[in-house]
Structures are given as C-alpha cells and as structure tokens.
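These are the residues of each chain, in order.
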Amino acid sequence: MLDIMQNYESIRQIIHDVTLMNNRFLNKALDGNIPATQRMLRIILNNDKIKVRKVGVQQWLQNLYGHSAQLDILAEDENGTQFNVEIQRNDEGASAKRARFYCGALDMHFLDTGEKYEALPEAYVIFITENDVLKKGWPIYNVQRCLTDNGEVFEDGSHVVYVNAACQDDTPLGRLMQDLNCKDPAKMHYKELADRVNYFKTSKEGGIYMTDIIEMYAKNYAEKVAEKVAEETAHQSNVEFAKNLLAEGMSEDFIVRTTKLSEEEVRALSAKQSA
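These figures come from a predicted structure and were not determined experimentally.

### Remarks on the overall build of the chain
Counting its secondary structure elements, the chain contains 10 helices and six strands. Out of the 275 residues in the chain, the part that is buried amounts to 39%. Considering only intrachain contacts with a sequence separation of at least 6, the fraction spanning at least 24 residues in the chain is 55%. Counting only carbon and sulfur atoms, one obtains 51% of the accessible surface of the chain, whose full area is about 17,000 Å².

### Looking at the pairing of strand β6 (residues 158–164)
Across the seven residues that make up β6, a large majority, seven, are buried. Here β6 shows two buried faces, one formed by S158, V160, Y162 and N164 and the other by H159, V161 and V163. Judged from the seven bridges that link them, strand β4 (residues 123–129) and β6 form a sheet pairing that is parallel. From the neighbouring strand, I128 faces β6, where its bridge partner is V163. Taken together, the four bridges between strand β5 (residues 140–143) and β6 define a ladder with antiparallel strand orientation. In the sheet register, Y141 faces β6, and the bridge partner there is Y162.

### Describing helix α4 (residues 96–109)
The end-to-end C-alpha distance of α4, which contains 14 residues, comes to 20 Å, matching closely the 20 Å that a straight helix rising 1.5 Å per residue would cover. Here α4 has its buried residues at A99, Y102, C103, A105 and L106. The buried residues of α4 occupy an angular sector of 160° when projected down its axis, which confines them to one face. Facing away from the buried side of α4 by more than 90 degrees, the exposed set consists of A96, K97, R100 and M108.

So, how was this worked out
- Residues numbered from 1 in each chain as written.
- Predicted model: local features only at pLDDT ≥ 70, side-chain atom pairs only at ≥ 80, totals over all residues.
- Heavy atoms only, no water.
- Helix = DSSP H or I, 4+ residues; strand = E, 2+ residues; numbered from the N terminus.
- Buried < 20%, exposed > 50% of the residue type's maximum accessible area, 1.4 Å probe, protein only.
- Contact = heavy atoms within 4.5 Å.
- Areas by Shrake-Rupley, 256 points an atom, 1.4 Å probe, with all protein chains shown as cover.
- Pairing = 2+ DSSP bridges.
- Expected span 1.5 Å × (residues − 1).
- Arc of directions from axis to C-beta.

Written as structure tokens, this is what we have:
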C-alpha cells in the first residue's frame, strides 16, 4: 500500500510541476483549442485581428526526397495564413538553419502541383525558447528578409519569430511567458490557457490524457538514476585502481593524472594506507 501511495504522490507531483513550456503539454492544451491558440498568436504577433479557424498538433510534413518535419503546433487563420509554433528548451533546437528549413517545409506542403507561386500563403515559424537564444536581451525577435542596401522588407510572405520565454515582465507578452512557465492555473493571467491547464491538472477526465507526459518524466528519471549509478560505479572503480597504484608506490601526482579522482581524494586514500 505504501508503494502505491508513493507512486500516486509522485504522479500527482509530476502533473503539478509540468508547465506549458513542456511541448507535449502545450500540444495537449492547444490541440483543437482555437480560443487559446488565437490568444497566444494575437499576443506574440501583436495583432488582435488574427482569427484562427483551425489548429492541430504534431503535424507531419513528409518529404519523400529528404528530411521531413514534425511540427508541434500548426494553426491557420481565416485568410489562410499558416502559423507554426515550436517550444524549444534546447538552444540548438531553435537554430537559424532549422528556422529556414521549417519555412521551406511549410512552403512545400501548402503549394499544390500546378499552382502559381503567388498562391503560397503567408507563413510564420514561431520559436518560443526557454533561453534568450539570440542573446540580445530582447523579449521578441521578428525576422524577415530585406534588401541589404536600404533595409526595405522583401515581401515574400515568410516570417520567423523568436520569443524569449525568460523575459517575463508586466506586458501582455511577458504575462503570456509567465503563464507558459506557471505550474498553477489559478495564478495564470489568460483564461483561455488557464482553463485548459486546469482541466488537465485537476479533473479526472483530463488526467487520463497526461499518461504520456508521466511516462516521459518517468523515463527521464530512470535515465538520470541509471546515469548516477554508472557514475558511482565508475568512481568506485577509480578508487580501487588508485589504491592499487598507491600500493605499488606510484606518486600521488601520477595517480591524479591517471584516474579521474581529485587531488583531495588521492591524498585521503594515501593517508589511510599510510596510517
């Protein structure tokens, strides 16, 4: 019974701790959720006229001749504009080349055979990043092609946006980033997001859909435990090796260079053998 209760408490803690900066959780919150997606896009793009008509998650854009792309969130407004939103906690996942690839993937997917290039829809690739990937201290970065000679915008309809989730000031965008990093739906600013988070975190029905997130956390925890055990085993092997070297009369400096033990550890081992 104790193990069952401990597992239950662990599961409840995982559900409590997860935030919308977890891409799987954000996918659940926004899947088919037009009001929340619309609110998010309006704030990020500073455009209250955006009217989302459909939204899906984990959209797979297949490329038969090369690298394919799986999009976290893909929304479309009433004008046909495409919005791809990606949560990135790893800086490498939001590189400039990845942004370029995703823009191209959207273009290839939404232009049918025989259509003119002018039929390409306006497209936004939006990275919400845990850290300030572009390192200028800005809350948001809007990227568009331009004429380098005079800075005039090159109107090809493609846009890349980086949102710095570490910037959580008292602005609409800053409050949205607070919500994405908030564990408690009661403390969130935007009702469209708070209601969905509350559903998954507090209702029995919502909790059923949290299984894959719980499994992901369990897997990560198991990997960390295995890594710790491996490190402890390796350390103990180095300790035994160092003891053998000391018994053979090897110098402490040599042992420090040969093993991964610190000078303090080797000196302590030497002192014990000399005692």
